[in-house]
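What the coordinates show
So the chains spell out like this:
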Amino acid sequence: MLYNENTEQLEEFKKVYKRIAAHLHMLVGDGAIDGYDAYLIASMTVKVAEHLAKAYENVVKGVKEAVMDDGYIDYPGRKEYLAAREEGRVEGRMEGRTE
């Protein structure tokens, strides 16, 4: 895969994913989708790239950087959601032990 070895082409590839992330950010700002939906779309975008290019580490890393690391996909309440999810997991484990 050319993108894995050619840094110039990899940068062009990353620009495509940065535009996707920017568009998601715009949709959240316009109220067309909420931040959680944008986060899910971005997460799935990265997962698709990981599976398509799993043999090309630079491509996967570039897509992750382009989509997730620019702060575009940090929806309101994300930290609270993650904390509540972990709390639910801990509670579920505790209930499983007492049964």
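Below or above, wherever it landed, is the structure these notes cover. Only a predicted model underlies this, so the values are computations on that prediction, with no experimental measurement involved. (Residues numbered from 1 in each chain as written. Predicted model: local features only at pLDDT ≥ 70, side-chain atom pairs only at ≥ 80, totals over all residues. Heavy atoms only, no water.)

So, on to the overall build of the chain. Scanning the chain for helices and strands turns up five helices and zero strands. Mapped in sequence order, the helices and strands of the chain form the string α-α-α-α-α. Split into buried and exposed, the 99 residues of the chain put 24% on the buried side. Taking the intrachain contacts of the chain between residues at least 6 apart in sequence as the baseline, contacts between residues at least 24 apart amount to 59%. By element, 53% of the accessible surface of the chain is carried by carbon and sulfur atoms, the whole surface being about 7100 Å². (Helix = DSSP H or I, 4+ residues; strand = E, 2+ residues; numbered from the N terminus. Buried < 20%, exposed > 50% of the residue type's maximum accessible area, 1.4 Å probe, protein only. Contact = heavy atoms within 4.5 Å. Areas by Shrake-Rupley, 256 points an atom, 1.4 Å probe, with all protein chains shown as cover.)

With 24 residues, helix α2 (residues 7–30) ought to run about 34 Å at 1.5 Å a step, and its terminal C-alpha atoms sit 34 Å apart, in line with that. Positioned one or two residues after α2, G31 has a phi angle of 80 degrees, which is positive. (Expected span 1.5 Å × (residues − 1).)

A separate point is the pattern of salt bridges. Applying the stated rule across the entire model yields one salt bridge. Across the salt bridge formed by R93 and E86, the nearest N and O atoms sit 4.0 Å from each other. R93 sits in the partly exposed class, given a relative accessible area of 42%. (Salt bridge = Lys/Arg side-chain N within 4 Å of Asp/Glu carboxyl O.)

Here we take up the environment of D37. Position of D37 among the secondary structure elements: in helix α3 (residues 35–52). Under the relative-accessibility criterion, D37 is labelled partly exposed at 33%. In the structure, D37 is positioned 13 residues away from L24 in sequence and 9.1 Å away in space, judged by C-alpha atoms.

Put simply, α2 and α3 touch, their axes get as near as 9 Å, and they point 165 degrees apart. Here α3 runs roughly antiparallel to α2, going by the angle between their axes. Note that α2 runs across α3; the crossing there is right-handed. Of the residues in α3, those touching α2 at Y17, L24 and V28 are G35, A38, I41, A42 and T45. Residues belonging to the contact of α2 with α3 are distributed by class as follows: six nonpolar, two polar and no charged. (Axes fitted to C-alpha atoms, helices over the stretch in contact; angles between N-to-C directions. Parallel < 35°, antiparallel > 145°, perpendicular 65-115°, else oblique. Left-handed = near helix turned anticlockwise from the far one by under 90°. Nonpolar A, V, L, I, M, F, W, Y, C, P; charged D, E, K, R; others polar.)

The subject of this paragraph is the nonpolar core. Of all hydrophobic cores here, the largest spans nine residues; its members are L10, F13, Y17, V46, A49, A53, V59, V63 and A66. When contributions to this core are tallied by element, the ones reaching two or more residues are α2, α3 and α4 (57–68). (Core = buried A, V, L, I, M, F, W, Y, C linked by side-chain atoms within 4.5 Å.)

Below, the discussion takes up α3. The terminal C-alpha atoms of α3, which comprises 18 residues, lie 26 Å apart, in line with the 26 Å expected from a rise of 1.5 Å per residue. Every buried residue belonging to α3 is among G35, A38, Y39, A42, S43, T45, V46 and A49, and all of these are buried. When α3 is viewed along its axis, its buried side chains cluster within an angular range of 155 degrees and face the same direction. Looking at α3, the residues exposed on the side facing more than 90 degrees away from the buried face are H51 and L52. (Arc of directions from axis to C-beta.)

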